[in-house]
Amino acid sequence: RHRPLDTITSFHFTNCQKPWWCLALNHTNTTKQICRGMHHEWNRLRYELEHQWNVSPPSGKFDSEHFYGHCRSRGKRGYIKLP
């Protein structure tokens, strides 16, 4: 079932997999649209936290607009951890 992302107040990543797995989900599937949106939001919040901590943003190039530079490549090994 589809819900607008701005109406979701709590979310568990089990079905969508973890945002730090750097998965490029198919955004044409309704379920994956929600997952992709929540992964994007998770990375946005991490980006804001890094900014508050004065941490230089990571420079990952994998789908950088979606992952905010937190991924070098697809998959768990592509994730750039917090310093």
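Structure shown above.
It should be emphasised that the depicted structure is a prediction, and the values quoted were computed from it without experimental measurement. Throughout this document, residue positions are counted from 1 along each chain, in the order its sequence is written. Only residues with pLDDT of at least 70 get local features here, since the model is predicted, and only at 80 or more are side-chain atom pairs given and counted; chain-wide, interface and lining totals rely on the full set of residues. Side-chain figures throughout are based on the complete set of non-hydrogen atoms in the structure, without hydrogens or water.

Visitor: Can you tell me about the environment of aspartate 6, naming the residues and giving the values?
Guide: Locating aspartate 6 in the fold gives a position in the segment before helix 1 (30-52). Residue burial is assigned from relative accessible area. The probe radius is 1.4 Å, only protein chains are included, and a residue is buried under 20% of its type maximum, exposed over 50%, and partly exposed in between. Owing to a relative accessible area of 71%, aspartate 6 belongs among the exposed residues under this scheme. Along the primary structure aspartate 6 and glycine 37 are separated by 31 residues, whereas in three dimensions their C-alpha atoms are 10.0 Å apart. By the criteria applied, helices consist of DSSP H or I runs no shorter than four residues and strands consist of E runs no shorter than two, each listed in order from the N terminus.

Visitor: Run through the pattern of salt bridges, naming residues and quoting values.
Guide: Close approach of charged atoms lets side chains of opposite charge pair. For this document, the term salt bridge refers to a Lys or Arg side-chain nitrogen within 4 Å of an Asp or Glu carboxyl oxygen. Scanning all chains against the criterion turns up 4 salt bridges. Members of the salt-bridge network, linked through shared partners, are Glu41, Arg44 and Glu48.

Visitor: Go over the environment of glycine 75 with me, naming the residues and quoting the values.
Guide: Locating glycine 75 in the fold gives a position in the segment after helix 2 (64-67). On the accessibility criterion, glycine 75 (19% relative accessible area) is buried. We call two residues in contact when some of their heavy atoms are within 4.5 Å. Not counting residues within four places of it along the chain, the set of residues in contact with glycine 75 comprises Trp21 and Cys22.

Visitor: An account of unusual backbone geometry is requested, with residue identities and associated values reported.
Guide: The phi angle at aspartate 63 is positive, at roughly 45 degrees, despite the residue not being glycine. Within the element layout of this structure, aspartate 63 appears in the loop between helix 1 and helix 2. Residue tyrosine 68 is not a glycine yet carries a positive backbone phi of 55 degrees. Looking at the element boundaries, tyrosine 68 is found in the segment after helix 2. Taking the relative accessible area as the measure of exposure, tyrosine 68 reaches 23% and is therefore partly exposed.

Visitor: So what's going on with the state of the cysteines? Which residues, and what values?
Guide: Here a disulfide denotes a covalent bond joining the sulfur atom of one cysteine to the sulfur atom of another. The disulfide criterion is simple: two cysteine sulfur atoms within 2.5 Å. Under the defined criterion, the tally for this structure stands at 2 disulfides. The disulfide partner of cysteine 16 is cysteine 35, and the gap between their sulfur atoms is 1.8 Å. Because the torsion about its S-S bond is -65 degrees, the bridge between cysteine 16 and cysteine 35 counts as left-handed. Separated by 19 residues along the polypeptide, cysteine 16 in the segment before helix 1 and cysteine 35 in helix 1 bring together distant segments of the chain. Relative accessible area serves as the criterion here: at 5%, cysteine 16 is assigned to the buried category. The exposure class assigned to cysteine 35 is buried, which follows from its relative accessible area of 1%. Two residues share a disulfide in this structure: cysteine 22 and cysteine 71, whose sulfurs sit 2.1 Å from each other. Judged by the torsion about the S-S bond (-85 degrees), the cysteine 22/cysteine 71 disulfide is left-handed. Here the residue cysteine 22 occupies a position in the segment before helix 1, and cysteine 71 occupies one in the segment after helix 2, the gap between them amounting to 49 residues. Note on accessibility: cysteine 22 and cysteine 71 belong to one class, buried.

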